[in-house]
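Next come the chains, spelled out residue by residue.
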Amino acid sequence: MVLFSAVTVIGIFSSPAQAGSYTSYMKGVQPGFESTRWREETSATTTTIKFTGCTSDGSVVNVTMAKDIGGAPDTYYTKAAYTKCLESSTSTSTGTWNDHGAGSYYFIVNDGGFSVVSVKSLTVSW
């Protein structure tokens, strides 16, 4: 699947959302970029979003997990500040969100921020 932002083409090369995870990367995403959606079938799920090898024109990469509600406003969960992944191409930052219910989810990068972000490798697991 390939996602398009207004300025940059973002390749999302991943195996289908099987066994509760997918891997991908991001290149030059603008603030407010929304990831591909994934479906969590159980209510007692813990979700982990891991970024490895980040680059940004800012000092932090903020990641917000959100629940896609459909016609209603989406539910936003705690924002995680990723800084370690900015240290090197092999450094990793991880955020974990617990017990948020079954549903369709995605993450937002630098929502309300100003920094363009690239991530060498990202993994979402649930």
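Residues numbered from 1 in each chain as written. Predicted model: local features only at pLDDT ≥ 70, side-chain atom pairs only at ≥ 80, totals over all residues. Heavy atoms only, no water.

A. Broad picture of the overall build of the protein chain. What the protein chain contains, in helices and strands, is 0 helices and 11 strands. Among the 126 residues that make up the protein chain, the fraction classed as buried is 41%. Nonlocal contacts in the protein chain, meaning residues at least 24 apart in sequence, comprise 71% of its contacts between residues at least 6 apart. Approximately 6300 Å² of the protein chain is accessible, and the part contributed by carbon and sulfur atoms is 53%. (Helix = DSSP H or I, 4+ residues; strand = E, 2+ residues; numbered from the N terminus. Buried < 20%, exposed > 50% of the residue type's maximum accessible area, 1.4 Å probe, protein only. Contact = heavy atoms within 4.5 Å. Areas by Shrake-Rupley, 256 points an atom, 1.4 Å probe, with all protein chains shown as cover.)

B. Looking closely at the sheet that holds strand E3 (residues 21–29). With respect to topology, 4 strands assemble into an open sheet ordered E3-E11-E6-E9, the strand pairing being antiparallel. The open sheet is flanked by E3 and strand E9 (92–98), the only strands paired with a single partner. Neighbour-to-neighbour, the strand axes of the sheet open up by a mean angle of 20°, direction not taken into account. Judged from the 7 bridges that link them, strand E6 (residues 46–56) and E9 form a sheet pairing that is antiparallel. When the sheet's bridge partners are listed, isoleucine 49 is paired in E9 with glycine 95. (Pairing = 2+ DSSP bridges. Axes fitted to C-alpha atoms, helices over the stretch in contact; angles between N-to-C directions.)

C. Fine view of the packing of aromatic side chains. For the coordinates displayed, the defined rule picks out 5 aromatic pairs. Taken together, a centroid distance of 5.0 Å and an interplanar angle of 80° make the contact between phenylalanine 51 and tyrosine 82 edge-to-face. Here phenylalanine 51, found in strand E6, pairs with tyrosine 82, found in strand E8 (residues 75–82); they are 31 residues apart in sequence, far enough to count as distant. Taken together, a centroid distance of 6.2 Å and an interplanar angle of 45° make the contact between tyrosine 77 and tyrosine 105 tilted. (Phe/Tyr/Trp six-rings, centres within 6.5 Å; stacked < 30°, edge-to-face > 60°.)

D. Representation of the nonpolar core within the structure. In this structure, Met26, Ile49, Phe51, Tyr82 and Phe107 are the most contacted members of the largest nonpolar core, which totals 22 residues. Of all the secondary structure elements, the ones that give two or more residues to this core are E3, E6, strand E7 (61–68), E8, strand E10 (103–109) and strand E11 (117–125). The element contributing the most residues to this core is E11, with 4 residues. (Core = buried A, V, L, I, M, F, W, Y, C linked by side-chain atoms within 4.5 Å.)

E. Quick look at the confidence of the model for the protein chain. Looking at the protein chain as a whole, the pLDDT averages 86, with 85% of positions reaching at least 70. This stretch, residues 1–19, has a pLDDT under 50; its non-local contacts, to residues over four places away or in other chains, come to 34 contacts. (pLDDT = per-residue confidence, 0-100.)

F. Local environment of the pairing of E11. Where E3 meets E11, 6 bridges bridge the pair, whose relative direction is antiparallel. Each residue of the ladder has a partner; that of threonine 23, found in E11, is threonine 123.

G. Fine view of the pattern of salt bridges. Considering all chains together, one arrives at 4 salt bridges under this definition. Of the charged contacts in the structure, one is a salt bridge between arginine 37 and glutamate 34, with a shortest N-O distance of 3.1 Å. By relative accessible area, which is 34% here, arginine 37 ends up partly exposed. Classification of glutamate 34 as partly exposed rests on a relative accessible area of 34%. Between lysine 84 and glutamate 87 there is a salt bridge, with the nearest N and O atoms lying 3.1 Å from each other. Note on lysine 84: relative accessible area 43%, which makes it partly exposed. Connected through salt bridges with shared partners, the residues Glu34, Arg37 and Asp68 form a single ionic network. (Salt bridge = Lys/Arg side-chain N within 4 Å of Asp/Glu carboxyl O.)

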